[in-house]
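Commentary on secondary and tertiary structure
This is what each chain is made of:
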Amino acid sequence: MALSISAAVLLGIIVFVLVKGGYVRVGSALACTLFGFTLAATGLAPTINSGLTSFAGLLSTL
């Protein structure tokens, strides 16, 4: 049985665990989130998206 999960959901869970565990403070997590949204609005977004898609394809072959 294959489990499919969105990268946004997976990264959100990771950030939540890190904040809850005290490894990352809320302000730092918020700054990284805002940076991600800003980066998504640039011309670099398609390159990042294709890189993540390729990485997900690599992981699915394992």
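Small disclaimer: the values here were computed from a predicted structure and weren't measured. (Residues numbered from 1 in each chain as written. Predicted model: local features only at pLDDT ≥ 70, side-chain atom pairs only at ≥ 80, totals over all residues. Heavy atoms only, no water.)

Concerning the overall build of the protein
In terms of regular secondary structure, the protein is built from 3 helices and 0 strands. Counting from the amino terminus, helix and strand elements in the protein follow one another as α-α-α. Taken against the 2.2 N^0.38 rule, which gives 11 Å for 62 residues, the C-alpha radius of gyration of the protein at 14 Å runs more than 25% over that of a compact globule. Its C-alpha atoms give the protein principal-axis dimensions of about 35 × 35 × 15 Å. Residues counted as buried form 2% of the 62 residues belonging to the protein. (Helix = DSSP H or I, 4+ residues; strand = E, 2+ residues; numbered from the N terminus. Rg over C-alpha atoms; globule rule 2.2 N^0.38 Å. Buried < 20%, exposed > 50% of the residue type's maximum accessible area, 1.4 Å probe, protein only.)

Structural notes on helix α1 (residues 7-21)
Look at α1: 21 Å from first C-alpha to last across 15 residues, which is about the 21 Å you get at 1.5 Å a residue. Positioned one or two residues after α1, Gly22 has a phi angle of 85°, which is positive. (Expected span 1.5 Å × (residues − 1).)

Here we look at a nonpolar patch on the surface
Taken together, the side chains of Ile5, Val9, Leu10, Leu11, Ile13, Ile14, Phe16, Val17, Leu18 and Tyr23 define a hydrophobic patch exposed on the protein surface, amounting to about 990 Å² of accessible area. Inspection of the secondary structure assignment puts Val9 in helix α1. (Patch = residues over 30% accessible without salt bridge, like charges linked within 9 Å, V, L, I, M, F, W, Y side chains within 5 Å. Areas by Shrake-Rupley, 256 points an atom, 1.4 Å probe, with all protein chains shown as cover. Salt bridge = Lys/Arg side-chain N within 4 Å of Asp/Glu carboxyl O.)

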